[in-house]
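Descriptive analysis of the structure
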Amino acid sequence: MQDIIFKHTVPLQLRFNDIDALGHVNNSVYFTFYDLGKARYFEEIKQNPINWNKAELVIANIHADFLSPVFMHEKIAVQTATISIGNKSLKVAQRIINTETGETKATCETILVGFDSATFSTQQISEAWREGISRYEGRSF
């Protein structure tokens, strides 16, 4: 993930219930951070709020690595970038960073599949998504 340029960053607020008995953010909470990052990223790409009842993308696979614990008073953010687009899927990279030190605390790669919510079947990634992501990321896919 060192070569990825992350243009999208969302600051995260830690809550008391995010912390587990060991005093750090519970591993299940990271996925809510990643979901928030993806939602805001896609809204930025579409330049509008997304109607999630008519999802055009659904998660097919997630791979996460926990590199260093996040503690209650750390200032953190989630960063998101699209790294590839295929015919029916795209891959998004994300990372949780300490905004004061720049340390990467955790990383995640998610494969999302084009989805038709009316037929509950896969579909091609639309040109609108391709164009929006390419415009936002500043490169062609």
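The shown structure was predicted, so the numbers you read here are calculated from the model rather than taken from an experiment.

1. Details of the pairing of strand β4 (residues 89-98)
Of all 10 residues making up β4, 7 are buried, and the element is well covered by its neighbours. As judged from the 9 bridges shared by strand β3 (residues 76-85) and β4, these two strands associate in the antiparallel manner. Within β4, the residue paired with Q79 across the bridge is R95. Connecting β3 to the antiparallel partner β4 that follows it, the hairpin turn spans 3 residues. Relative to strand β5 (residues 104-116), β4 runs antiparallel, the two sharing 9 bridges.

2. Focus: the pattern of salt bridges
Applying the stated rule across the entire model yields 8 salt bridges. Notably, a salt bridge pairs K91 with E109, separated by 3.6 Å at the nearest N-O pair. With K91 in strand β4 and E109 in strand β5, this residue pair connects regions lying 18 residues apart in the sequence. When the shortest N-O distance is used, the salt bridge between E127 and R130 registers 3.7 Å. With E127 and R130 both in helix α2 (residues 127-137) and 3 residues apart, this pair spans about one turn of that helix. Look at R130 and you get buried, because its relative accessible area is 14%. A single salt-bridge network, built from bridges that share partners, covers E74, E103 and K105.

About the criteria used
Residues numbered from 1 in each chain as written. Predicted model: local features only at pLDDT ≥ 70, side-chain atom pairs only at ≥ 80, totals over all residues. Heavy atoms only, no water. Buried < 20%, exposed > 50% of the residue type's maximum accessible area, 1.4 Å probe, protein only. Helix = DSSP H or I, 4+ residues; strand = E, 2+ residues; numbered from the N terminus. Pairing = 2+ DSSP bridges. Salt bridge = Lys/Arg side-chain N within 4 Å of Asp/Glu carboxyl O.

Keep in mind these values describe shape, not function.
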